[in-house]
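Listed here are the chains, written in short residue letters.
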Amino acid sequence: MTSNPHHAADYVKEIAPGFLPRVGLVLGSGLGTLADKIESIAAIDYRDIPGFPRATVEGHAGRLILGRLGGMAVACMQGRSHYYEGVAPRDLAVPIRMLRLLGVDILLLTNAAGSFRSKMKPGSLMMIRDHINLSGLNPLVGPNEGEFGPRFFSMEDAYDPILRQHLAAVAKELGITLHEGVYLHYLGPNFETPAEIRAFRLLGADAIGMSTTPEVLVARHAGLRVLAISSITNAVAGTSKIPLSHELTLKQAKLAAEDLERLLIVFLETLKRELLKAHIRNSEGRND
């Protein structure tokens, strides 16, 4: 039986009554330190949230942090669950739908990924333009939850073009190199073979990882605007003499953490200003 996101949302509302997050954050492997920058009003262990899938992988703290970052009200998932942990695909819909029920309308995702491009080295950042879901799984398979979205929906511009332009402008202002490309979701938990990497390169992948697409699918089904950033932690299999490992992923993710934190905090600060301007314009329009 699939878990109910309403139960999860109701529990969180009891812990933080009246708190209305506008932005949802999902922090990937080795990137959880951004949560320490949040002016927190509550921190909730995933184990305490009804029906919430647990994060069991090292580098994923497994906490929901509520508070303010860059002046924005945020609900931050410090770690995520993955298909390869044995989580039922439909259960991966619960966290994102819970965020939607809490009031989130913008979802900002981060992950650790391997790079296909020699110029996109470990420690750099890539903004996701589009993705290829080669996991073979989808959390929306089964009866449609019409409360959240339609049976069939478009994935064109799944990664919001306006938010991407905004993020790119902030990165330029801060002097942070922000690559852009296509992310390929590989099921895992093993790393890819060199033969698979050669095939994925032909498909047009720029970076590869084991997460993110389930959250994007659920978010777009529910009408959330999505922005995603990969922290590049390694060169893909067969292109480097350094053996791939999760320890390497965690170590290299720290190289990009400082730039990622600066980028996202300033992004949220400027996003808040833009949303406030839009609200004022809309209010003035209704008064005409």
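Placed above this text is the structure.
Since this is a predicted model, take the numbers as computed values, not measurements.

S.K.: Honestly, the pattern of salt bridges in this entry has me stumped. Any pointers?
M.R.: Once their charged atoms are close, side chains differing in charge can pair, the charge on each being opposite to the other. On inspection of all chains with the given rule, the structure shows 9 salt bridges. The closest approach of N and O atoms between Arg117 and Asp206, which form a salt bridge, is 3.6 Å. Taken together, the residues Arg117 in the loop between β5 (106-115) and β6 (125-133) and Asp206 in the loop between α4 (194-203) and β8 (207-209) connect sequence positions 89 residues apart. What makes Arg117 partly exposed here is its relative accessible area of 31%. The closest approach of N and O atoms between Glu180 and Arg164, which form a salt bridge, is 2.9 Å. Taken together, the residues span a long stretch of sequence, with Glu180 in strand β7 (residues 178-185) and Arg164 in helix α3 (residues 161-174) at a distance of 16 residues. Overall, the relative accessible area of 14% leaves Arg164 in the buried class.

S.K.: How should I be thinking about the pairing of β6 in this particular structure?
M.R.: The side chains of a regular strand alternate between both faces of the sheet. Looking at chain direction, β6 and β7 are connected through 8 bridges and run parallel. If you follow Ile128 over to β7, its bridge partner there is Gly181. Sheet topology note: the β6/strand β9 (residues 225-235) ladder contains 3 bridges and is antiparallel. From the neighbouring strand, Leu125 faces β9, where its bridge partner is Ser231.

S.K.: I'm lost on the packing of aromatic side chains in this one. Help?
M.R.: Within this structure, the stated rule accounts for 2 aromatic pairs. Ring centres 4.7 Å apart and planes at 45 degrees place the aromatic pair Tyr46 and Phe52 in the tilted group. Summarising the aromatic geometry, the rings of Tyr186 and Phe200 are spaced 6.0 Å apart at their centres and angled 65 degrees between planes, so their arrangement reads as edge-to-face. Remark: Phe200 occurs in helix α4 and Tyr186 occurs in the loop between β7 and α4; sequence separation between them is 14 residues. You can call Tyr186 buried: its relative accessible area is 11%. What makes Phe200 buried here is its relative accessible area of 8%.

Criteria and thresholds
Residues numbered from 1 in each chain as written. Predicted model: local features only at pLDDT ≥ 70, side-chain atom pairs only at ≥ 80, totals over all residues. Heavy atoms only, no water. Salt bridge = Lys/Arg side-chain N within 4 Å of Asp/Glu carboxyl O. Helix = DSSP H or I, 4+ residues; strand = E, 2+ residues; numbered from the N terminus. Buried < 20%, exposed > 50% of the residue type's maximum accessible area, 1.4 Å probe, protein only. Pairing = 2+ DSSP bridges. Phe/Tyr/Trp six-rings, centres within 6.5 Å; stacked < 30°, edge-to-face > 60°.

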